[in-house]
Amino acid sequence: MNRTTLSLIAGTTALAAVTGFAALSAPDAPGTDTAAKAAAQLPVERTSLLCPAPSTSDLAETSYTSFTPVTKGTGSGGKAELRAATEESADAPADGKEEGTGKDDGKSGKDKPGEPVLTPKEPGKPVTGDSSGGDAPALVGTADGRFAPGWTVQETTEVAAGTGRGLQGVNCTAPDTDFWFPGAGTDADRTDYVHLTNPDDSAAVVDIELYGKDGALKSAVGEGITVPPHSSEPVLLSTLTDERQTDLTVHVNVRSGRVGAAVQALDDKLGGDWLAASADPSGSLVLPGIPKDATSVRLVAFTPADADADLKVRLASPSGLITPAGQETVHVKGGMTTAVDLGDVTRGEAGSLVLTPTDRSVPVVAALRVVRGKGDKQETAFIPASRPVGTRATSADNSGKDSTLSLTAPTAAAKVKVTASAGSEGGTPVSKTYTIKAGTTQDIEPPVPGGLKGTYALTVEPVSGGPVYGARTLAATEGGVPAFTVQTLPDDRGTVAVPEADEDLSVLQK
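The structure reproduced in this document is the subject of the present report.

Basis of the calculations
Residues numbered from 1 in each chain as written. Predicted model: local features only at pLDDT ≥ 70, side-chain atom pairs only at ≥ 80, totals over all residues. Heavy atoms only, no water. Disulfide = S-S within 2.5 Å. Helix = DSSP H or I, 4+ residues; strand = E, 2+ residues; numbered from the N terminus. Buried < 20%, exposed > 50% of the residue type's maximum accessible area, 1.4 Å probe, protein only. Polar contact = N/O pair within 3.5 Å; in protein donor to acceptor, adjacent residues only side chain to side chain. Contact = heavy atoms within 4.5 Å. Pairing = 2+ DSSP bridges. Axes fitted to C-alpha atoms, helices over the stretch in contact; angles between N-to-C directions. Salt bridge = Lys/Arg side-chain N within 4 Å of Asp/Glu carboxyl O. Phe/Tyr/Trp six-rings, centres within 6.5 Å; stacked < 30°, edge-to-face > 60°.

### Some details on the state of the cysteines
And step 1. Enumeration according to the criterion identifies one disulfide in this entry.
And step 2. Between Cys51 and Cys172 runs a disulfide, and the two sulfur atoms are separated by 2.1 Å. Classification of the bridge connecting Cys51 and Cys172 rests on its S-S torsion, roughly 110 degrees, and on that basis the disulfide is right-handed. Highlighted residues: Cys51 in strand β3 (residues 46-51) and Cys172 in the loop between β9 (166-171) and β10 (178-184), separated in sequence by 121 residues. For the pair formed by Cys51 and Cys172, the shared burial category is buried.

### Regarding the side chain of Asn398
And step 1. Looking at the element boundaries, Asn398 is found in strand β28 (residues 393-398).
And step 2. In terms of polar contacts, Asn398 uses its side chain to reach the side chain of Ser403, at 3.1 Å.
And step 3. Within the structure, the side chain of Asn398 is placed 3.0 Å from the side chain of Arg472, a separation counted as a polar contact.
And step 4. Excluding residues within four positions of it along the chain, Asn398 makes contact with Ser403, Thr455, Tyr456, Ala457, Leu458 and Arg472.

### Quick word on the sheet that holds strand β26 (residues 365-372)
And step 1. The four strands lie next to each other as β24-β20-β26-β27, forming an open sheet whose pairing is antiparallel. Edge strands, defined here as strands with exactly one partner in the open sheet, are β24 (337-343) and β27 (379-384). Each strand axis lies, on average, 20 degrees off the axis of its neighbour in the sheet, ignoring direction.
And step 2. Note that strand β20 (residues 296-302) and β24 share six bridges and pair antiparallel. The residue bridging Val300 from the neighbouring strand is Ala339, located in β24.

### Quick word on the pattern of salt bridges
And step 1. Evaluation of the coordinates by the stated rule reveals ten salt bridges.
And step 2. In this structure, the salt-bridge partner of Asp214 is Lys213, at a minimum N-O distance of 3.1 Å.
And step 3. Relative accessible area serves as the criterion here: at 60%, Asp214 is assigned to the exposed category.
And step 4. Between Asp341 and Arg298 there is a salt bridge, with its nearest N and O atoms 2.8 Å apart. Residue Asp341 is located in strand β24, and its partner Arg298 is located in strand β20; the two are separated by 43 residues in the primary sequence.
And step 5. Where salt bridges share partners, they join Asp247, Arg298 and Asp341 into one cluster.

### As for the packing of aromatic side chains
Two aromatic rings are characterised by how far apart their centres lie and by the angle between their planes.
And step 1. This model, assessed by the stated rule, comprises four aromatic pairs.
And step 2. Taking 6.3 Å as the distance between ring centres and 10 degrees as the angle between the ring planes, the aromatic pair formed by Phe179 and Phe181 counts as stacked. Neither Phe179 nor Phe181 differs from the other in exposure class; each is buried.
And step 3. Here the aromatic cluster, defined as three or more aromatic residues joined through ring pairs, consists of Trp180, Tyr211 and Phe302.

### Concerning the pairing of strand β37 (residues 481-488)
For a regular strand, side-chain orientation follows a simple rule: the groups alternate between the two sheet faces.
And step 1. With eight of eight residues buried, β37 lies mostly within the body of the structure.
And step 2. Burial of the side chains of β37 extends over both faces: Val481, Ala483, Thr485 and Gln487 are buried on one face and Pro482, Phe484, Val486 and Thr488 on the other.
And step 3. Two successive antiparallel strands, strand β36 (residues 469-478) and β37, enclose a turn made up of two residues, where Gly479 displays a positive phi of approximately 60 degrees.

Purely geometric stuff here, so don't read any function into it on its own.
See below:
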């Protein structure tokens, strides 16, 4: 596949990373009706995304795909671009001044900003780029105007051999202040990193907390980690604790500032992948898109509450909700990580895991570690609990033959429109509508753009019915290893609720 090679020049830029803007309405005039008016859903005007450094392997081959779906009401202006994040020079003063002079020498301890990379020309058409080796930096990006609503960037890396060999994929994420990662580990075979990326002009201060099967692990070095402005810090989990744990829950709590966070979970024998953050703690969770040929599925769950959680475990199969034999419920002790082996729970059919409280609702986070293949030909991917598709969700970097789109409607039937964008190098968009029965999961072969050249994006939009959850599996067999990666499809947060203004503010100024 032809892609434009990225010139990933290490650089920084002052990026105002804002999720979305909304205009304020004028205050109610005396005597007017103060009842809340219905809020309009308007496109966000600015958003930001952060991509972790893809790999340290010299054998890594990484592709990036940037895509913004066409959104009504956005106007004609705007742009989207990514730049390389870079760390401050270790021997330079943090304030950019020469020691003893109090003057700015023009060398702030940072490299000059690099040229923008992955700059799309228009919404509705993806742009792609490549990098090779283990020196590709983290990326920091912003989009505004017509490029902001639903902006999606996919990072996919193939590693031919060594720890974590296989296919690793991650959706670049917006900065935030709180992340939960059930499913990490510090076993002898594991090399897990938490990647922290700071998009802002000031340093971020982060605490990393680890929770094992017996509760919190003591780790003073996980407190007060400083992430310099416009930079990325990979933190090796095994340096935060002496304890070897097969299953860990990692909590990233930002004291000051904002960061993007993702866990790169690498295994000496089972390959590896990115572990994205779980949906916020909730009493009920959906983990969508378990590959039908999964040979091993392991559920890892954690509750930050003081109370224990008892969860009913069900699989949304093509024929409806079923209870795995011998795994009807799972008991999660407060503050402790619980892991349950579900085996080949899908048994050759599409499936999504649905967790609901057996009695009272206690907030839980969860993720699945999924293995495909057998013997020395195994590969691993992770599926965190996901938010529903909501208004719209997007999956970038699809090839037309190695992508599987999995949709589940856990509570009520739903009708869903799936649109394949134009290809990055040519092609005509096409849409299809699917009906997902209540309590089922359906693996669909995604529509392919007419005359496809390059890669394309898929957008998923519920048309009617109950909530829908989705995931995309990307596969690439290498040397007999069934390499794969799974990304969930939560709402792209491309719109924001804006209360209707009571007055035309333009007439108030005289």
